[in-house]
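# Fold and contact review
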Amino acid sequence: MIGFILSGGSGTRLWPYSRSMSPKQFLNMGATHESLLQDTYRRLFQVTGKEHIYVIGSKAHEFELMYQLQEVDEAFTSNQLLLEPFGRNTAPAILWGILCIPENLRDVPLAILPADHLIKAEAEFVKALRTAETLASKGMIVTFGIRPDRPETGYGYIKAGKPMGEGFIVEQFVEKPDLATAKTYLESQQFTWNSGIFMATPNTLLREFKQHAPKMFQIFSEYINVENAFRNPAVVEKIYSRVESKSVDYAILEKSGSVAVLPVDMQWSDLGSWDSIHQESEKDSNGNVTRGNVISQDTRNCLIFSSKKLVTSIGVENLVIVETDDALLVCDLTRTQDVKQLVETLKKEDRYEYKFHTTVLRPWGSFTVLHDSENYKIKILEILPGKRMSLQRHRHRSEHWVVVHGTADIVRGQENLLLTESQSVHIPQTVKHRIGNSGKIPLQIIEVQQGVYLGEDDIERFDDDYGRV
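My aim in this report is to walk through the structure given alongside it, one point at a time. (Residues numbered from 1 in each chain as written. Predicted model: local features only at pLDDT ≥ 70, side-chain atom pairs only at ≥ 80, totals over all residues. Heavy atoms only, no water.)

### Considering the sheet that holds strand β25 (residues 424-427)
Taken in spatial order, the six strands line up as β18-β19-β20-β27-β22-β25 in an open sheet, and their pairing is antiparallel. Because the sheet does not close on itself, it has two edges, and the strands there are β18 (359-362) and β25. The sheet shows a mean angle of 20° between the axes of neighbouring strands, direction not considered. Strand direction decides the pairing type here: strand β19 (residues 365-372) and strand β20 (residues 376-383), joined by seven bridges, are antiparallel. Among the inter-strand pairings, T368 is bridged to a residue of β20, identified as I380. (Pairing = 2+ DSSP bridges. Helix = DSSP H or I, 4+ residues; strand = E, 2+ residues; numbered from the N terminus. Axes fitted to C-alpha atoms, helices over the stretch in contact; angles between N-to-C directions.)

Structure below.
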């Protein structure tokens, strides 16, 4: 069996924990000590083996993807990571991924699943994959339908028709229903939640793309006879600039007559809102879910998360309160789907809080913004052992560095300096500079920026280990 993990989502409904540059698949949502992506990878390689997993994600998340995947599998290689130049939804991503699979493996069942779902009953998940293999090997696309335990209006549904092996022929895909309709679905036993997980052989999917998404298939087909075309970022960008953004459900599944549904019980949630986090989490005697520095009195049925500050509540019910270093969300528990609209407002206003946390990951480590004002900014930089930043300069700001932990290899103009704890150096405007860490422990530096413009785009790179020049 082969596995695809789709990791291109933005997770906007879980703001402010999830940001566009740190979406929910990269976050630990409390199920284990690892991120949802790492949980998904571990869960899948029990069945496929590590070498047969491909992860499809965004070019913007390249270094975070490699960092997290190599944390759980040191042997994970860049050849298993397919980076989309920009988002085009799931249909182009899956078609591209299939065309990257060697032709001699295209009759092997392929499991496709999102990176950001919670599955608690892993044994049932593995059993479901094994059961689906039989139907997939017969040319069917097998969807995994979750048996509902409540009248949920936040999920799409699948209506089962005639029996087929362990599953059923799909009679209909249904959009998110209203509450009254969801109650009838729960009573009928014919409907399951659409989990977004499915399985088919690559050749079956190629057949269905050719039949039901011919324009998309044709654009990709123009490069089928070009050697290594689908591993060439320039070619992939050309293709993505031409294909329509479309989900695999709309492009293929809802049109095909070869789709089966396999009803399963695997304690699944897509964790698509703060309400779903509340539903899936362990609660106290008052129905509250809390994490971090929280004290509550006379508080019921609330979700309260704190990343740093003490968050207190008195006499409230049915609220979501989520605190991060730079943002606070207060929301009625029944309106958590509206967080997506709030994030759209942040996006339109080009707010920093839409994209980033105060701590931002970089291929060399991370930086954390401690203070940000009009003409100066204070950060903590952490450079990992054996890593270094690009050789760069800034036109609008100077920088002052103080080493607080470790030893720094500094390039300042024509100088090469070695600084230890408590030592400092000033970098004037327009002077080329670089920080490296040739030591064995993480290097931490306090950076003070001063200037008329302090944006992250005031970086001119001259040499870079990560191809960003």
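On we go from here.
### Considering the sheet that holds strand β16 (residues 319-323)
Paired through their backbone hydrogen bonds, the strands of a sheet run either parallel or antiparallel. Pairing is mixed across the open sheet formed by four strands, whose spatial order is β12-β14-β16-β17. Looking along the sheet, the strands with just one partner apiece sit at the ends: β12 (289-291) and β17 (328-332). Going from strand to strand, the sheet's axes swing by 5° on average, the running direction of each strand aside. Relative to strand β14 (residues 303-306), β12 runs parallel, the two being bridged by three bridges. Counted as the bridge partner of V289 is L303 from β14.

### Observations regarding the nonpolar core
Counting residues in hydrophobic clusters, the biggest one holds 46 residues, and the most contacted among them are F209 and F220. Residue contributions to this core peak at eight residues, all from helix α3 (residues 90-100). Setting aside residues no more than four positions away along its own chain, F220 makes contact with P92, L95, W96, L99, F230, I239, Y240 and V243. Judged by nonpolar contacts, the second largest core, of 45 residues, contains L44, F45, W193 and L262. (Core = buried A, V, L, I, M, F, W, Y, C linked by side-chain atoms within 4.5 Å. Buried < 20%, exposed > 50% of the residue type's maximum accessible area, 1.4 Å probe, protein only. Contact = heavy atoms within 4.5 Å.)

### Quick look at the packing of aromatic side chains
For any pair of aromatic rings, the description consists of the separation of the ring centres together with the inter-plane angle of the planes. If you walk through the whole model with that rule in mind, you get 16 aromatic pairs. The interplanar angle of 80° and the centroid separation of 5.9 Å between the aromatic rings of F4 and Y54 together place this pair among those described as edge-to-face. With F4 in strand β1 (residues 2-7) and Y54 in strand β2 (residues 53-58), the pair connects residues that are 50 residues apart, well separated along the chain. Cluster of aromatic residues (ring-pair linked, three or more members): Y17, W274 and F305. (Phe/Tyr/Trp six-rings, centres within 6.5 Å; stacked < 30°, edge-to-face > 60°.)

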